[in-house]
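Structural features, examined
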Amino acid sequence: QQPVQSPQAVILREGEDAVINCSSSKALYSVHWYRQKHGEAPVFLMILLKGGEQKGHEKISASFNEKKQQSSLYLTASQLSYSGTYFCGTDRSWGKLQFGAGTQVVVTP
Amino acid sequence: SQTIHQWPATLVQPVGSPLSLECTVEGTSNPNLYWYRQAAGRGLQLLFYSVGIGQISSEVPQNLSASRPQDRQFILSSKKLLLSDSGFYLCAWSVGDRDNQPQHFGDGTRLSIL
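A few points on the structure.

Rules of the game
- Residues numbered from 1 in each chain as written.
- Chains lettered and ligands numbered in written order.
- Predicted model: local features only at pLDDT ≥ 70, side-chain atom pairs only at ≥ 80, totals over all residues.
- Heavy atoms only, no water.
- Helix = DSSP H or I, 4+ residues; strand = E, 2+ residues; numbered from the N terminus.
- Rg over C-alpha atoms; globule rule 2.2 N^0.38 Å.
- Contact = heavy atoms within 4.5 Å.
- Areas by Shrake-Rupley, 256 points an atom, 1.4 Å probe, with all protein chains shown as cover.
- Lys, Arg positive; Asp, Glu negative; His and termini not counted.
- Charge placed at Lys NZ, Arg CZ, Asp CG, Glu CD.
- Disulfide = S-S within 2.5 Å.
- Buried < 20%, exposed > 50% of the residue type's maximum accessible area, 1.4 Å probe, protein only.
- Polar contact = N/O pair within 3.5 Å; in protein donor to acceptor, adjacent residues only side chain to side chain.
- Pairing = 2+ DSSP bridges.
- Axes fitted to C-alpha atoms, helices over the stretch in contact; angles between N-to-C directions.

Comments concerning the overall build of chain B
On a plain count of helices and strands, chain B comes out with zero helices and eleven strands. Going residue by residue from the N terminus, the α and β elements of chain B occur as β-β-β-β-β-β-β-β-β-β-β. Computed over C-alpha atoms, the radius of gyration of chain B comes to 13 Å, within 12% of the 13 Å expected from 2.2 N^0.38 for 114 residues, which places it in the range of a compact globule. Seen along its three principal axes, the alpha-carbon backbone of chain B occupies a region of about 40 × 25 × 20 Å. A separation threshold of at least 6 residues defines the contact pool for chain B, and within that pool the share at least 24 residues apart is 54%. With an accessible surface of roughly 5300 Å², chain B has 51% of that area assigned to carbon and sulfur atoms. Side chains of chain B carry 8 positive and 8 negative charges; the gap between the two charge centres is 8 Å.

Written out as structure tokens, the structure reads:
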């Protein structure tokens, strides 16, 4: 069962914030976040482990709520370079990831 | 530093023809290797996973197969391509023998079946 991402798409102006959610019907072991620019390969952003640990990458951070089986990605003070499609991947075991359908982010000037 | 190479970048093949996509990793030993497929506008689907030479785990039943003849070489093959095999194929690697490692993707192969 692949994780469910929401929203499907979001349009932001530079400097605005956004939250992308990733929910699973199964217990989460860890959650990976990747960003893919159009026509390119996905690029690793961060891994969230059990314990609600919050990690950051530039002004992008994420949290992991084990009880809710959910992870959220926070885009703070968005920049044009943040545009792309964001995928969460839930780790079933030893790197066997199931990816969500993605959230398309468009940041406009 | 580690690098991953995938080729070809683009491929157009007729239905029923064979397929061979190659992926190699440099700068690391005994990596975990992965093949993913991404349909247009969709997420990534894990096809195959390998923790070592000759050790392949298939994640979905399909028309494809994978092999790992050398430690840092991963090959995706098909004997007869179907229209449904079209997509963006991505190879990835992660550090072996350790859990919770990031996956690093190659540039991918865009495969079109005619």
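Let's talk about the state of the cysteines
Residues and elements named next belong to chain B. Summed over the entire model, instances satisfying the criterion amount to two disulfides over all chains. A disulfide bridge connects C23 with C91, and the sulfur atoms are separated by 2.0 Å. Here the disulfide of C23 and C91 is left-handed, its torsion about the S-S bond being about -75°. With C23 in strand β3 (residues 19-26) and C91 in strand β9 (residues 87-94), this pair connects stretches of sequence that are 68 residues apart. A residue is classified by how much of its surface remains accessible, and C23, at 0% relative accessible area, is buried.

Quick word on the environment of B:E59
For B:E59, the location among the structural elements is in the loop between β6 (55-58) and β7 (65-70). Filtering out sequence-adjacent residues up to four positions away, B:E59 remains in contact with A:R92, A:K96, B:L46 and B:L47. A distance of 3.1 Å separates the side chain of B:E59 from the side chain of B:S57, its partner in a polar contact.

Quick look at unusual backbone geometry
With an omega of -5°, the peptide bond running from A:S6 to A:P7 counts as cis. Structurally, A:P7 can be placed in the loop between β1 (4-6) and β2 (9-13). Here the residue pair B:W7 and B:P8 is connected by a cis peptide bond, since its omega of 0° sits within 30 degrees of zero. Take B:P8: it is sitting in the loop between β1 (3-7) and β2 (10-13). Here A:Q69, not a glycine, exhibits a phi torsion of approximately 55°, which is positive. Within the secondary structure, A:Q69 sits in the loop between β7 (60-65) and β8 (70-75). Backbone geometry at A:A77 places phi at a positive 50°, although glycine is not the residue there.

Looking at the sheet that holds β1(B)
All names here are of chain B. Strand order in this open sheet of four strands is β1-β3-β8-β7, and the pairing throughout is antiparallel. Each end of this open sheet is capped by a strand with a single partner; those strands are β1 and β7. Between one strand axis and the next, the sheet turns through 20° on average, direction left out of account. Strand direction decides the pairing type here: β7 and strand β8 (residues 73-78), joined by four bridges, are antiparallel. By the bridge assignment for β8, S67 is matched with I75.

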